[in-house]
Amino acid sequence: MKAVLCKAFGPAETLVLEEVASPEAKKNEVLLEVHAAGVNFPDTLIIEGKYQFKPPFPFAPGGEAAGVVRAVGEKVGHLKVGDRVMALTGWGSFAEEVAVPGYNVMAIPPSMDFTSAAAFGMTYGTSMHALRQRADLQPGETLLVLGASGGVGLAAVEIGKAMGARVIAAASSAEKLEVARAAGADELIDYSQQSLKDEVKRLTGGQGADVIYDPVGGDQFDAAIRSIAWNGRLLVVGFASGRIPELPVNLALLKGAAVVGVFWGAFAQRQPQDNAANFQQLFAWHAAGKLKPLVSQTFPLELAGQAIDCLGQRKAVGKLVVRVR
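The chain appears in an unreviewed UniProt entry as NADPH:quinone oxidoreductase family protein from Pseudomonas lalucatii.

What follows is the structure, encoded as structure tokens:
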């Protein structure tokens, strides 16, 4: 089979497309014929050795995939050969086949195509867990979404609206904000031109945002924590800006606020029933037209490195997908 391989830590242009042996499914695994693979921020980190997991060389990046089950290990009971599925792989999805633990694979509804499924699992799974389990977002609350035009940001905008929140989308350009507006955002803040703190205070009558969804980190985290409401919750989702911020904890004290970590991958493994319930709701919202994954660009397998580079340079809106078949 063909796979895009990382043979040494480095930039995306060092990835190579090669023929490798097909994997075999172990007792607790399924063998997935990959049709499409989502491109996510961890892919930009894992190839440079900056992620919390460092696979042995050579490895294929790609943390999520959608495709068809080709073989099922004897300990996997919820799937069968021929099922259309999405999978959380960690790495390995930028290949024609990948072996995945059964607990990380779920069937997709008939209405969802492989491209949408490849763009769905990680972004919507992360944002749903963040807003439901970690923030306990309530109808009528104000949700501020940073990086609102990216994959997880757009998912947070859509899910926040589905949960009944008023959504303020913040991003670094007017073009990106129009994407968030189309996804349902009620208010927009261009933090390259406006003060995030001042605009949030203005839009909330001085109260601040009840929940802040932050996949950006850096300077925007610094501004966001100063615009949080009493009893607010700031969700730490990621650090796309490149800088991991430090928190003056007196700011949390003065607002009675909580700074809450979000690690969906660990949640999915530790609380599989809760994760399954999240996806039942997500699939229902998708079927009702409330969730519409935005795939702004697709790449053939041999150009997977370009897809990672595009995401790493923060040029993309929505989700990028590698089409394998």
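Engineer: I keep staring at the overall build of the chain and nothing clicks. Help me out?
Structural biologist: When its secondary structure is counted, the chain shows eleven helices and 15 strands. Against the globule reference of 20 Å for 325 residues, the chain gives a C-alpha radius of gyration of 19 Å, in line with a compact fold. By its C-alpha atoms, the chain is 60 × 40 × 35 Å across when sized along the principal axes. Sorting the 325 residues of the chain into buried and exposed places 55% on the buried side. The contacts of the chain with a sequence gap of at least 6 include a subset with a gap of at least 24, amounting to 68%. Surface summary for the chain: the accessible area is close to 13900 Å², and the carbon and sulfur share equals 51%.

Engineer: Help me understand the sheet that holds strand 13 (residues 258–261), please; the structure alone is not making it clear to me.
Structural biologist: Strands pair in a sheet through their backbones, by hydrogen bonds, and they do so in one of two ways: parallel or antiparallel. The six strands lie next to each other as 10-9-8-11-12-13, forming an open sheet whose pairing is parallel. One side of each edge strand has no neighbouring strand; the edge strands of this open sheet are strand 10 (187–190) and strand 13. Across the sheet, the mean angle separating the axes of adjacent strands is 20° when strand polarity is ignored. Bridge analysis of strand 8 (residues 142–145) against strand 9 (residues 166–171) gives four bridges, and the strand direction is parallel. Within strand 9, the position partnered with leucine 143 by the bridge is valine 167. Set on the sheet, helix 3 (residues 121–134) makes contact with strand 8, strand 11 (209–214), strand 12 (228–236) and strand 13; between it and strand 11 the angle comes to about 150°. Lying over the sheet, helix 4 (residues 151–162) contacts strand 8, strand 9 and strand 11, oriented at roughly 170° with respect to strand 8.

Engineer: What exactly am I supposed to notice about a nonpolar patch on the surface here?
Structural biologist: Among the surface-exposed residues, Phe53, Trp91 and Phe263 lie close enough to one another that they form a single nonpolar patch of about 290 Å² accessible area. With respect to the helices and strands, the residue phenylalanine 53 is situated in the loop between helix 1 (41–46) and strand 4 (64–72). We classify phenylalanine 53 as partly exposed; its relative accessible area is 42%.

Engineer: What exactly am I supposed to notice about unusual backbone geometry here?
Structural biologist: Looking along the chain, the bond that leaves phenylalanine 57 and enters proline 58 is cis, with omega of -15°. Residue placement: proline 58 occurs in the loop between helix 1 and strand 4. A positive phi is found at aspartate 136, a non-glycine position, where the angle reads about 50°. One can find aspartate 136 in the loop between helix 3 and strand 8. Taking relative accessible area as the criterion, aspartate 136 reaches 47% and is therefore assigned partly exposed.

Engineer: What am I meant to see in the UniProt feature "domain: Enoyl reductase (ER)" (unreviewed entry) in the chain here?
Structural biologist: When the UniProt feature table is mapped onto this chain numbering, "domain: Enoyl reductase (ER)" (unreviewed entry) sits at residues 10–322. Secondary structure content for residues 10–322 is 32% helix and 26% strand, while the C-alpha to C-alpha distance between its ends is 20 Å.

Engineer: Sorry if this is basic, but what is going on with the packing of aromatic side chains here?
Structural biologist: The relative placement of two aromatic rings is captured by the distance of their centres and the angle of their planes. In total, this model carries eight aromatic pairs according to the counting rule given. Judged by centre distance (6.4 Å) and plane angle (55°), the rings of phenylalanine 120 and phenylalanine 279 are tilted. Placement of phenylalanine 120 in the loop between helix 2 (114–118) and helix 3 and of phenylalanine 279 in helix 10 (residues 272–287) is noted, with a sequence separation of 159 residues between them. Residue phenylalanine 120 is classed as buried on the basis of its relative accessible area of 0%. Here the aromatic residues Phe120, Tyr124, Trp264, Phe279 and Phe283 are joined through ring pairs into a cluster of three or more. Across the ring face of phenylalanine 114, the terminal group of arginine 84 is positioned such that the distance to the ring centre comes to 4.8 Å.

Engineer: I'm lost on the side chain of serine 149 in this one. Help?
Structural biologist: Here serine 149 shows up in the loop between strand 8 and helix 4. Here serine 149 falls in the buried class, since its relative accessible area comes to 5%. Sequence-distant contacts of serine 149, that is, excluding residues within four places in its chain, are made with Leu154, Lys176, Val317 and Gly318.

Engineer: Help me understand the nonpolar core, please; the structure alone is not making it clear to me.
Structural biologist: Counting residues in each nonpolar core, the largest one holds 51 residues, and the members touching the most others are Phe120, Leu131, Leu143, Ile159, Tyr213, Leu235 and Leu282. Apart from the residues within four sequence positions on either side, leucine 143 is in contact with Leu131, Leu137, Ala156, Gly160, Ala165, Arg166, Val167, Ile168, Val211 and Tyr213.

Engineer: How should the packing of helix 3 against helix 4 be read in this particular structure?
Structural biologist: To characterise two packed helices, one gives the angle between the axes of the helices and the distance between these axes. Between helix 3 and helix 4, whose axes approach to 8 Å, the crossing angle comes to 50°. As far as their axial angle goes, helix 4 and helix 3 are oblique. Regarding helix 3 and helix 4, the two cross each other, and that crossing is right-handed. Between helix 3 and helix 4, the residues in contact are Thr123, Tyr124, Thr126, Ser127, Met128 and Leu131 and Gly151, Val152, Ala155, Ala156, Glu158, Ile159 and Gly160, respectively.

Engineer: Can you walk me through the environment of alanine 119 in this structure?
Structural biologist: Relative to the helices and strands, alanine 119 is located in the loop between helix 2 and helix 3. Since its relative accessible area comes to 2%, alanine 119 is described here as buried. Separated by 199 residues in the primary sequence, alanine 119 and glycine 318 place their C-alpha atoms 8.9 Å from one another. Beyond its immediate sequence surroundings of up to four residues, alanine 119 is in contact with Tyr124, Pro293, Val295, Lys319 and Val321.

About the cut-offs
Residues numbered from 1 in each chain as written. Predicted model: local features only at pLDDT ≥ 70, side-chain atom pairs only at ≥ 80, totals over all residues. Heavy atoms only, no water. Helix = DSSP H or I, 4+ residues; strand = E, 2+ residues; numbered from the N terminus. Rg over C-alpha atoms; globule rule 2.2 N^0.38 Å. Buried < 20%, exposed > 50% of the residue type's maximum accessible area, 1.4 Å probe, protein only. Contact = heavy atoms within 4.5 Å. Areas by Shrake-Rupley, 256 points an atom, 1.4 Å probe, with all protein chains shown as cover. Pairing = 2+ DSSP bridges. Axes fitted to C-alpha atoms, helices over the stretch in contact; angles between N-to-C directions. Patch = residues over 30% accessible without salt bridge, like charges linked within 9 Å, V, L, I, M, F, W, Y side chains within 5 Å. Salt bridge = Lys/Arg side-chain N within 4 Å of Asp/Glu carboxyl O. UniProt positions renumbered as here; feature names shortened; annotations may be inferred. Phe/Tyr/Trp six-rings, centres within 6.5 Å; stacked < 30°, edge-to-face > 60°. Lys NZ or Arg CZ within 6 Å of the ring centre and 35° of its normal. Core = buried A, V, L, I, M, F, W, Y, C linked by side-chain atoms within 4.5 Å. Parallel < 35°, antiparallel > 145°, perpendicular 65-115°, else oblique. Left-handed = near helix turned anticlockwise from the far one by under 90°.

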